[in-house]
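Chain and residue survey
Spelled out, the chains give:
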Amino acid sequence: MDLRDRPQDSAFRAEVRQFLAEHLVGEFAELGGRGGSGDETFGFDVRLRWEKELAHGGWTGLAWPTEYGGRGASMTEQVIFHEEYVRAAAPGRVSVMGEGLLGPTLIHYGTEAQKARFLPPILAGTELWCQGYSEPDAGSDLANVKTRAVRDGDEWVVTGQKVWTSLAHQSDWCFVVCRTDPESRRHKGLSYLLVPMDQPGVEVRPIMQLTKTSEFNEVFFDGARTHRDNIVGPEGEGWRVALATLAFERGVALLGHQLGFVRELDRLVAVARENGRSADPVIRQRLAQAYVELTIMRYNTLRSLSGIDGPVAPPEASIAKLYWGSWHRRLGELTIDVIGPAALVLGGDDPTAAGAYDPAAYELDEFQRPFLFSRAETIYGGSNQIQRNIIGERVLGLPPEPKGGT
């Protein structure tokens with residue numbers, strides 16, 4: 001694979017840089033690239049305005065076909081955009097679920113009426129979406145769905161609970177995997193419904209996390225309603241649609257995510273040099289190992305995307321998810337070891353000093369926040385254990401993991 005820019009790639013890269021240089025100013029620049037994983041509630045209103053700024057410039061729906069309002073960008077152009085976006089320290093996007101997951105799913109599986117209704121406001125940044133997959137008793141077992149939907153005239157009536165629903169408290173709509181055949185089991189009899197959040201039958205309860213933020217939520221559906229036409233794909237065949245959405249989740253945006261990792265590692269190296277920890281041969285070796293593994297991550301992601309036009313399906317997606325989630329958790333642990341005991345105290349104060357120490361009065365710093373949130377990265381989107389099962393069974397051909405029960 002030739003990683004050098006071709007002339008047309010250089011021209012596109014220059015176009016992206018020019019837009020960001022001209023528009024990433026004022027309150028947008030002041031965010032300093034914040035708003036990513038573990039920091040998704042920071043500056044939300046400003047980031048929402050930034051979303052509209054991107055839309056006005058034609059930089060939303062980058063990979064969408066032009067007939068649906070997208071840019072029809074090639075895989076190479078998408079990689080370039082994400083790289084330059086992170087390099088410029090642009091704010092974390094607030095429409096990832098809509099633009100990155102639901103939009104491509106509707107383009108592939110939705111009706112023309114659904115595309116006409118839902119795609120334009122996603123592109124414009126005027127309607128936000130959340131993902132109703134995980135349930136309290138299911139963990140990473142996506143097929144273990146208890147949320148139900150029954151037909152009542154021209155509507156579906158939805159009852160059940162979802163959990164770990166990112167930004168549900170900010171969202172206008174939710175794409176919900178639910179059981180529409182009460183006699184079905186596992187992945188059979190599931191349907192993929194689009195449900196409005198602003199209605200009496202929906203209750204959202206934010207979950208306080210280690211990071212002192214609440215981008216994750218519990219969502220309770222108690223007779224929530226949506227029109228019968230808001231079903232994506234045939235009734236009872238939502239499993240296929242749901243898996244396609246998951247495949248879109250693990251695509252080209254990971255390369256931009258990795259540049260964020262590069263910034264984290266660069267800052268950590270600078271700290272190690274400043275406080276003298278880089279003189280420790282063990283710390284120095286761990287920093288070098290982190291750099292090597294991050295480089296491998298980038299090349300492996302490029303390899304998995306090579307020649308692909310559409311979603312990235314398992315096992316490549318599972319390999320990438322297992323690798324980057326584990327790497328980032330190790331980086332967080334290394335960060336704490338480099339900084340030392342001060343990293344364990346909010347605000348950098350000495351809790352043994354005279355006077356009261358109130359942790360609630362302090363915010364997590366740029367090192368503490370990713371360290372704590374990275375614990376979740378090996379769980380959400382399919383835990384490490386689930387990813388290893390997929391790789392073992394589908395790549396290595398190992399026997400399936402024994403199931404419980406009789």
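What comes next is a walk through the structure. (Residues numbered from 1 in each chain as written. Predicted model: local features only at pLDDT ≥ 70, side-chain atom pairs only at ≥ 80, totals over all residues. Heavy atoms only, no water.)

Over the atoms a probe the size of a water molecule is rolled, and this reveals where empty space is left. A complete count under the given rule lists two cavities of 30 Å³ or more for this structure. Approximately 70 Å³ is the volume found for the largest cavity. Lining the largest cavity, in full, are Glu264, Arg267, His328, Leu331, Gly332, Thr335, Glu366, Phe367, Pro370 and Phe371. Those elements that place two or more of their residues in the lining of the largest cavity are helix H8 (253–274), helix H10 (316–339) and helix H11 (368–377). If you tally residues by element for the lining of the largest cavity, the top one is H10, at four residues. Among the residues forming the lining of the largest cavity, the class breakdown is four nonpolar, three polar and three charged. (1 Å grid on protein atoms, 1.4 Å probe; cavity = no way out; pocket = protein on both sides within 12 Å on 5 of 7 lines; lining within 4 Å. Points joined across faces, edges and corners; volume = space filled by probe spheres on them. Helix = DSSP H or I, 4+ residues; strand = E, 2+ residues; numbered from the N terminus. Nonpolar A, V, L, I, M, F, W, Y, C, P; charged D, E, K, R; others polar.)

Let us look at the pairing of strand S4 (residues 173–179). Each regular strand carries side chains that alternate between the two faces of the sheet. Of all seven residues in S4, seven are buried; the element is thus mostly enclosed. On S4, burial covers both faces: Trp173, Phe175, Val177 and Arg179 on one face and Cys174, Val176 and Cys178 on the other are all buried. The sheet contact formed by strand S1 (residues 129–132) and S4 spans four bridges and is parallel. Counterpart to glutamine 131 in the pairing with S4 is phenylalanine 175. Both S4 and strand S5 (residues 190–196) contribute to a ladder of seven bridges, which runs antiparallel. (Buried < 20%, exposed > 50% of the residue type's maximum accessible area, 1.4 Å probe, protein only. Pairing = 2+ DSSP bridges.)

Here we take up a nonpolar patch on the surface. Taken together, the side chains of Ile319, Val395, Leu396 and Leu398 present a nonpolar region at the surface, about 350 Å² in accessible area. Tracing the chain through its elements places valine 395 in the segment after helix H12 (384–394). Under the relative-accessibility criterion, valine 395 is labelled partly exposed at 42%. (Patch = residues over 30% accessible without salt bridge, like charges linked within 9 Å, V, L, I, M, F, W, Y side chains within 5 Å. Areas by Shrake-Rupley, 256 points an atom, 1.4 Å probe, with all protein chains shown as cover. Salt bridge = Lys/Arg side-chain N within 4 Å of Asp/Glu carboxyl O.)

Moving on, we get to the pattern of salt bridges. Here the structure, examined in full by the defined rule, presents 23 salt bridges. Linking arginine 13 and glutamate 83 is a salt bridge whose minimum nitrogen-to-oxygen distance equals 3.3 Å. Taken together, the positions of arginine 13 in helix H1 (residues 7–23) and glutamate 83 in helix H4 (residues 75–87) put the pair 70 residues apart, joining distant regions of the chain. Here arginine 13 and glutamate 83 have matching classes, each one buried. Glutamate 84 is the salt-bridge partner of arginine 13, the closest N and O atoms lying 2.6 Å from each other. Linking arginine 13 in helix H1 with glutamate 84 in helix H4, this pair joins segments that are 71 residues apart in sequence. Residue arginine 13 shares its accessibility class with glutamate 84, and that shared class is buried.

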